[in-house]
Amino acid sequence: MSSQTSSHKPRVAVVFGGRSSEHAISVLTAGAVLRAIDRDKYEVLPIGITTDGRWALTADDPERMAIAGRQLPSVAALAESAEGGVVLPVDPTSREVVYTEPGSVPKALGEVDVVFPVLHGPYGEDGTLQGLLELSGIPYVGSGVLASAVGQDKDYMKRVFTSFGLPVGPYEVIRPREWEKDPAAARKKIVDFAGEHGWPLFVKPARAGSSIGITKVDDLADLDEAVEEARRHDPKVIVEALLRGREIECGVLEFEDGPRASVPAEIPPVTAHDFYDFEAKYIDSAAGIVPAPLTAEQTAKVRELAVEAFEAASCEGLVRADFFLQDNGEFVINEINTLPGFTPISMYPRMWQESGVSYPELIDRLLQAALNRSTGLR
């Protein structure tokens, strides 16, 4: 019997952690989501994925999913067992979740009605987990396989945006074989790009987030080191020109009548950091300005572009769209995030709070949308 017609409370599996370099950010997000879910309305099953890929049963303890001093949390520290594993059924006729430990009889944990994946980066946000859930026939929060994959890969994301007429900044892509087989030619490709667009450049992993692995490169001397740093997180590298202007973000949330945009926010210049990097975001708690001090026309334009980006990539549920408002007054879309952070300082929930949607209501809307949406082609 489906969750929509049964009388029991829908059971939510909050899946977090994961194998990407954004593991700790995912744990922070899970803590905030677990804190916000209405326990009178939903049952909750927290499932953490360790950095080596083991699905672990974890304590439902949001307080242990926070930054302690400057120490980031991990699933390994939260797991109830160092060896036990959670198994989802790859069978659309069953939603029974099973827990196994070496030498013990598997233990049924009951059925799951919906999954709230709060994994960031590869192996979770990029369509891989979404594909598993499609095979399992379990509804889930957020975008499907294609939109998740496009939203994770900055190269193809920009190609999709360009094809829909959305404004993107200059960029160049260095594919794995280019750097591995002929680094001199790949280096020349970047230098030629700098000759056209100027230094500094931003060298990034093409499929990572949370500003991990990004280097601002001021000249040729630091280029190789920056590429290798990006390649530590992803063998595919994207190089972007510096866009001078203001950083503006906007949230998109799917309502019954379609996607709507939140009030936008502005990320002010971070004086203690060279740019809005990982430490600025999560360790030093850089604060955005919500709502962004924009004109009515600018606000309307960025909200319109955010929804257009959501539709262009075939997104579902939610998206955070990041823009630059250039000195010439034009907006350029930098990227979208199909599973943006829900940490206490994350911009996505803050923008919706300012737009009249509280944190608990935001979580509830996302879960209800997922429960009302079938898996498969739609």
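Scoring rules and cut-offs
- Residues numbered from 1 in each chain as written.
- Predicted model: local features only at pLDDT ≥ 70, side-chain atom pairs only at ≥ 80, totals over all residues.
- Heavy atoms only, no water.
- Pairing = 2+ DSSP bridges.
- Helix = DSSP H or I, 4+ residues; strand = E, 2+ residues; numbered from the N terminus.
- Axes fitted to C-alpha atoms, helices over the stretch in contact; angles between N-to-C directions.
- Parallel < 35°, antiparallel > 145°, perpendicular 65-115°, else oblique.
- Contact = heavy atoms within 4.5 Å.
- Nonpolar A, V, L, I, M, F, W, Y, C, P; charged D, E, K, R; others polar.
- Core = buried A, V, L, I, M, F, W, Y, C linked by side-chain atoms within 4.5 Å.
- Buried < 20%, exposed > 50% of the residue type's maximum accessible area, 1.4 Å probe, protein only.

With 4 bridges joining them, strand β12 (residues 245-255) and strand β13 (residues 258-261) adopt antiparallel strand pairing. Bridge pairing in β13 links leucine 253 to arginine 260. Between β12 and β13, which pair antiparallel and follow one another directly, the connecting turn spans 2 residues.

A word on the packing of helix α7 (residues 183-197) against helix α8 (residues 223-231). Where α7 meets α8, the closest approach of the two axes is 11 Å, and the angle between their N-to-C directions is 110°. By the angle between their directions, the pair α7 and α8 is classed as roughly perpendicular. Note on element contacts: α8 touches α7 through Leu223, Asp224 and Val227, opposite Arg187, Ile190 and Val191. Among the residues forming the contact of α7 with α8, the class breakdown is 4 nonpolar, no polar and 2 charged.

One open sheet accounts for 4 strands, arranged β8-β11-β9-β10; its pairing is antiparallel. Bordering the open sheet on either side are β8 (171-174) and β10 (215-217), each of which pairs with just one other strand. Across the sheet, the mean angle separating the axes of adjacent strands is 25° when strand polarity is ignored. Inspection of the sheet shows strand β9 (residues 201-205) paired to β10 by 3 bridges, in the antiparallel sense. Note that in β10 the partner of phenylalanine 202 across the bridge is lysine 216. Relative to the sheet, α7 contacts β8, β9 and β11 (237-241), its axis offset from that of β8 by approximately 175°.

Here we come to the nonpolar core. Core analysis: the largest hydrophobic core is formed by 36 residues, its most contacted members being Val14, Phe16, Phe116, Phe342 and Ile363. For this core, the element with the highest residue contribution is helix α12 (residues 359-371), accounting for 7 residues. Here valine 14 is in contact with Ala30, Leu34, Ile37, Val44, Leu45, Pro46, Ile47, Phe116 and Val118, once residues within four sequence places are set aside.

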